[in-house]
Amino acid sequence: MDFLSPRFIILYVLLLFVLCVLLVHLRGRARLRFDRQLVDHSAIFAPYNLLMYAFSAVPARPILDRRGFPQLDLLQANWQTIRDEALALFDDGHIRAAEKHNDASFNSFFKQGWKRFYLKWYGEPLASAEALCPKTVALLRTIPGIKAAMFATLAPNSRLNPHRDPFAGSLRYHLGLITPNSRDCRIFVDGEEHAWGDGKDVVFDETYVHWVENKTDQTRVILFADVERPLRSRLMTAINHRVGAFMGKITASPNSDSGTEKTGFVNRMFAFNQRSRGRSRKFKRKYPKLFRAVKYIGMLVLLWVIFLAPWPFAR
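Predicted model only: the values in this text are computed from it and were never measured.

> Quick rundown of the nonpolar core? Include the residues and the values.
In terms of nonpolar packing, the biggest core is built from 72 residues, with Leu 75, Trp 114, Phe 151 and Leu 223 touching the most fellow members. With seven residues, the top contributor of residues to this core is strand S3 (residues 146-154). Counting residues in each nonpolar core, the second largest holds five residues, with Ala 30, Leu 32, Val 209 and Trp 211 among its members.

This is how it looks when you write it as structure tokens:
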């Protein structure tokens, strides 16, 4: 038996990947079920995230000391200015869910009453943001470490279920703008609680399992931003910067469907997949037995190709 054959190499890579996912899974006290973690979108980045954790210049804690990020003082000092622009957007209906399934990053949140308006996304600010909230955009431009930012709302009496964000190259920043100022509107990060308040901010590691609840009758509005993770190596910082820029490019999502703002490759494929799934569901409802037969035949063919079929480059 040739243990260096292509099939065994694939097996080794799969086992290494599962090990990386397991290590991420064991990080922190709050965990998803491992079978869910294994297929969760956050698992894709497990090998890269372990590298980020190894070189991180901040402590491995769910909620970090805000004083360690003095560059964010400017945002907190101007929270009322930011709030006024967010309130105008909210009143005019600009903070909303993606209209054409072209925001894979937050698609599941939209179903639970969460909405957003992008200010910037791992690049230059969006044109709509520069036009509608120029003061907030100007503040963000002065802080290079902020890679992405948006206004995010959470509907009354709603909840976001436990989840991990996939990318450890950044940390998450929340600044309360319009909130109930109550512990009934809060986030838990690995079990640690932060209740949003007007002008109150927090920095946390979003790759820990976290969940959100708003048990009040008021909509919560915050400034939601990704801050580049400080690293102990210039090389790792440069790599992370490039990876973040690439990921931002392929996951870009517009604020509207006017066509003036770009949609990244991942979101274009996600929108196409959602349309395809819609057609697939219709086919399944109309021909349930044929649908199951095609699905299982496809799975058997895939297994045969991987483990039994002769490979042209096998030795």
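Resuming the write-up.
> Hey, could you go over the pattern of salt bridges for me, with residue numbers and the actual values?
Applying the stated rule across the entire model yields 20 salt bridges. Note that Glu 193 is salt-bridged to Arg 186, the shortest N-O span being 3.4 Å. For Glu 213, the salt bridge is made with Arg 186, and the minimal N-O distance between the two is 2.7 Å. Taken together, the positions of Glu 213 in strand S9 (residues 210-214) and Arg 186 in strand S6 (residues 185-189) put the pair 27 residues apart, joining distant regions of the chain. When sorted by exposure, Glu 213 lands in the same class as Arg 186, which is buried. Three or more residues are tied together by salt bridges with common partners; here these are Arg 159, Arg 183, Arg 186, Glu 193, Glu 213 and Lys 215.

> Report on the sheet that holds strand S1 (residues 63-64), specifying residues and quantitative values.
Spatial strand order, S1-S8-S5-S10-S3-S2: six strands in an open sheet with antiparallel pairing. Two strands lie at the open edges of the sheet, namely S1 and strand S2 (114-121), each paired on one side alone. Note that strand S5 (residues 170-178) and strand S10 (residues 220-228) share eight bridges and pair antiparallel. Each bridged residue has a counterpart across the sheet, and for Arg 172 the counterpart in S10 is Asp 226. Contacting S2, S3, S5 and S10, helix H5 (residues 79-91) crosses the sheet at an angle of about 75° to S5.

> Residues and numbers for a nonpolar patch on the surface, please.
Together, Ile 9, Leu 11, Tyr 12, Val 13 and Leu 15 make up an exposed nonpolar region whose accessible area comes to about 450 Å². Its place among the elements puts Leu 15 in helix H1 (residues 6-25). Assessed through its relative accessible area of 53%, Leu 15 is described here as exposed.

> Tell me about the packing of aromatic side chains, and name the residues and values.
The description of an aromatic ring pair uses the distance of the two centres, along with the angle that the planes make with each other. On inspection of all chains with the given rule, the structure shows 13 aromatic pairs. Seen from their ring centres, Phe 106 and Trp 114 are 4.8 Å apart, and the 25° between their planes marks the pair as stacked. Residue Phe 106 shares its accessibility class with Trp 114, and that shared class is buried. When the ring of Trp 114 is compared with that of Phe 224, the centres are 6.1 Å apart and the planes differ by 70°; the resulting orientation is edge-to-face. Note that Trp 114 is positioned in strand S2 and Phe 224 in strand S10, a separation of 110 residues in sequence. By the ring-pair criterion, three or more aromatic residues cluster together here, those being Phe 106, Phe 109, Phe 110, Trp 114, Tyr 118, Trp 121, Tyr 122 and Phe 224. Here Arg 27 stacks its cationic end above the ring of Tyr 208, 4.2 Å away from the centre of that ring.

Parameters and conventions
Residues numbered from 1 in each chain as written. Predicted model: local features only at pLDDT ≥ 70, side-chain atom pairs only at ≥ 80, totals over all residues. Heavy atoms only, no water. Core = buried A, V, L, I, M, F, W, Y, C linked by side-chain atoms within 4.5 Å. Buried < 20%, exposed > 50% of the residue type's maximum accessible area, 1.4 Å probe, protein only. Helix = DSSP H or I, 4+ residues; strand = E, 2+ residues; numbered from the N terminus. Salt bridge = Lys/Arg side-chain N within 4 Å of Asp/Glu carboxyl O. Pairing = 2+ DSSP bridges. Contact = heavy atoms within 4.5 Å. Axes fitted to C-alpha atoms, helices over the stretch in contact; angles between N-to-C directions. Patch = residues over 30% accessible without salt bridge, like charges linked within 9 Å, V, L, I, M, F, W, Y side chains within 5 Å. Areas by Shrake-Rupley, 256 points an atom, 1.4 Å probe, with all protein chains shown as cover. Phe/Tyr/Trp six-rings, centres within 6.5 Å; stacked < 30°, edge-to-face > 60°. Lys NZ or Arg CZ within 6 Å of the ring centre and 35° of its normal.

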